[in-house]
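What the coordinates show
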Amino acid sequence: MKSSSVRRRARAATGPVTELGKKIVSQNALLHGLSVSKRSDPKLTAEIEERVRLLVGSAATAIRIVAAEQIAAAEIDVDRINEARHHLYIQAFALECKPVEDRRDEIRMRASSYGRLGGLWGAFQRLILKDPHATKHYLNLLQESELEPEIDLSFLDDDKVKPPENPDSKRVRSIEWLMPRLRGLDRYSKRANARYRRAMEIWRLVNLHSEDHDPPPPDAVGRSAASHVCLSPAVNFAEITSRLEH
Amino acid sequence: MRIPLESTFLFRKLPILSDERASDYRELVDELSDRLKPEGRWEWRSIRRLADKYWELRRLEQYPRHLIQEGRRTALKEILGDSAFGEEVSAFREPGKLVAAFFDGGKAKKTTYARLRKYGLNDTSISARAFEVKAGVLADCYRIITMLQLEISMLLETYREHQRLRLDSKDPITIEGDTDRTVLTLAPKYTEPA
């Protein structure tokens, strides 16, 4: 009953309709590359092989290799997500304490793109008001850039400049930027962790049974193991083991 | 425990931000390796992954404090800007400036508390409103913390399994304290903001 309603709703949801929506969605996979298959990347394939070697060590039997491969693949997934997360932390931290010197190019670029009058100063005002502590520095940069400050600088008067921000609010701004992005990675993380847990379950069972060189009975491996190695639970496990060993 | 030469490459690039100290991270790696006694590259790789997780956990443990501190400012501003206070406060000062003076301490703090008391409010009311203001981000933060703790316990389980296999023993290795206890002893406790 439930599955039919899920299917019905899935048929109704056909993704974005407008051209712009389709264009935006087409770039989703490029954001962090977490949906790319591991097998499509030769570097990752080599990485999996290396990890399998490390995991299995000298006790390498075919079934153990298959199980270790699942762990290695799941581990790589988890690592890729960690890397994406770390990238987000770096970006958030850069938002928080981007040194003024780093904005030199940004200011010059803005200056050149806005022209000398009108929009230029609007942009500068916005930039300066975002960071009142850097005001003096910006003014120096203006002089260096040989841009004549023929503008009304009254907006820099004490009573119009925002009060200095406390360090907490800077940190909080970056946390608020970071959290929804980390949450966006959540589903990848959950999926990878579930895969890792399944792989571990198989690994444990394989180790348990391979100690006396007896392949695990199909019932013991159960549904999760069978689904993970893409086999039906009805398949005879002993037969597969012998086939793999050959 | 000294990192063997074959595994040093794992610790070349550390996951630290510019306001964090590499020495703290190394201390954490030392602590983990002393407890878990890794051998071989796979186990050292696990140590690296565990250290990364603990490091992220420690970082995230700080965030609620910042969020609540900042939330208290917003909360107080909202309370003072409320219609009940509106007239009284505006006669004296703008709520924004009053909030800044309140958090700087001194006389403004006492007078604000006195004003709040008249309406049956106190410091806890500010904190409660702060939690309300930052509820969304805080919920995200705690969810990520829980996920990390789960990942850590999973990693420790894998590690234990691998070590058991390595030592070729049927009895599981007892890593000083069980999984949960290891998670709890290494992760710093959350301290309420003052």
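Residues numbered from 1 in each chain as written. Chains lettered and ligands numbered in written order. Predicted model: local features only at pLDDT ≥ 70, side-chain atom pairs only at ≥ 80, totals over all residues. Heavy atoms only, no water.

This brings us to the overall build of chain A. Each helix and strand in chain A was counted, giving 10 helices and 0 strands. Along the chain direction, N to C, the helices and strands of chain A fall in the order α-α-α-α-α-α-α-α-α-α. Each of the 246 residues in chain A was classed as buried or not, and the buried ones make up 37%. Counting only carbon and sulfur atoms, one obtains 56% of the accessible surface of chain A, whose full area is about 15200 Å². (Helix = DSSP H or I, 4+ residues; strand = E, 2+ residues; numbered from the N terminus. Buried < 20%, exposed > 50% of the residue type's maximum accessible area, 1.4 Å probe, protein only. Areas by Shrake-Rupley, 256 points an atom, 1.4 Å probe, with all protein chains shown as cover.)

All names here are of chain B. In the structure shown here, the tally under the stated rule is 3 aromatic pairs over all chains. Note on Y25 and W55: the rings are 5.5 Å apart at their centroids and 80° apart in plane angle, and the pair reads as edge-to-face. In this pair, Y25 sits in helix α1 (residues 22–36) while W55 sits in helix α2 (residues 40–81), placing the two residues 30 residues apart along the sequence. Just as Y25 is buried, W55 falls in that class too. A centroid spacing of 5.3 Å and a plane angle of 75° characterise the contact between F102 and Y113, whose relative ring orientation is edge-to-face. Taken together, the residues F102 in helix α4 (residues 95–104) and Y113 in helix α5 (residues 107–118) connect sequence positions 11 residues apart. Of the residues examined, F102 reaches a relative accessible area of 0% and is grouped as buried. The ring of F102 carries K109 above its face, with NZ or CZ at 5.5 Å from the centroid. (Phe/Tyr/Trp six-rings, centres within 6.5 Å; stacked < 30°, edge-to-face > 60°. Lys NZ or Arg CZ within 6 Å of the ring centre and 35° of its normal.)

Now for the pattern of salt bridges. Residue and element names in this part refer to chain A. Scanning the model with the defined rule gives 23 salt bridges over all chains in all. The closest approach of N and O atoms between E75 and R51, which form a salt bridge, is 3.0 Å. Note that E75 is positioned in helix α4 (residues 62–97) and R51 in helix α3 (residues 42–56), a separation of 24 residues in sequence. For the pair E75 and R51, a shared accessibility class is recorded, and that class is buried. (Salt bridge = Lys/Arg side-chain N within 4 Å of Asp/Glu carboxyl O.)

In many analyses, interface size is given as the accessible surface area lost on bringing the parts together. With 38 residues of chain B in contact, the opposing surface of chain A contributes 38 residues. Between chain B and chain A, a total of about 3800 Å² is buried, with carbon and sulfur atoms accounting for 56% of that surface. Its largest share of buried area at the contact with chain A, chain B owes to W42(B), R49(B) and M154(B), together 15% of the area lost on that side. Linking R183(A) and D140(B) is a salt bridge whose minimum nitrogen-to-oxygen distance equals 2.9 Å. Counting across the interface, chain B meets chain A through 10 residue pairs in polar contact (both at pLDDT 80 or more). Those elements that provide at least two residues to the side of chain B that touches chain A are α2 and α7 (135–166) of chain B. For the side of chain B that touches chain A, the leading source of residues is α7(B), giving 17 residues. Across the side of chain B that touches chain A, the residue classes break down as 16 nonpolar, 5 polar and 17 charged. (Contact = heavy atoms within 4.5 Å. Buried area = accessible area lost by both parts, 1.4 Å probe. Polar contact = N/O pair within 3.5 Å; in protein donor to acceptor, adjacent residues only side chain to side chain. Nonpolar A, V, L, I, M, F, W, Y, C, P; charged D, E, K, R; others polar.)

Now for the nonpolar core. Nonpolar side chains in soluble globular proteins tend to end up buried together. Counting residues in each nonpolar core, the largest one holds 67 residues, and the members touching the most others are M179(A), W203(A) and L60(B). If you list the elements that add at least two residues to this core, you get α3, α4 and α8 (167–210) of chain A together with α1, α2 and α7 of chain B. For this core, the leading source of residues is α4(A), giving 15 residues. Among residues more than four places away in sequence, those in contact with W203(A) are L55(A), V56(A), R64(A), A67(A), A68(A), I71(A), E161(B) and L165(B). (Core = buried A, V, L, I, M, F, W, Y, C linked by side-chain atoms within 4.5 Å.)

As a further point, take α5(B). Residues and elements named next belong to chain B. In this model, α5 (12 residues) spans 17 Å end to end at C-alpha, consistent with the 16 Å of a helix rising 1.5 Å per residue. Residues A108, T112, R115 and L116 constitute the buried set of α5. Looking straight down α5, one finds its buried side chains confined to an arc of 100°; they lie on one side. For α5, the exposed residues set more than 90 degrees away from the buried face come down to K107, K110, R117 and K118. In the stretch just after α5, G120 is the one whose phi turns positive, near 75°. (Expected span 1.5 Å × (residues − 1). Arc of directions from axis to C-beta.)

The angle between the axes and the distance between the axes are what describe a pair of packed helices. All names here are of chain B. Remark: α2 packs on α7, axes separated minimally by 9 Å, with the N-to-C direction vectors making an angle of 160°. With respect to α7, the element α2 is oriented roughly antiparallel. Considering the relative orientation of α2 and α7, their crossing is left-handed. Here the residues of the contact of α2 with α7 sort into 21 nonpolar, 5 polar and 7 charged. (Axes fitted to C-alpha atoms, helices over the stretch in contact; angles between N-to-C directions. Parallel < 35°, antiparallel > 145°, perpendicular 65-115°, else oblique. Left-handed = near helix turned anticlockwise from the far one by under 90°.)

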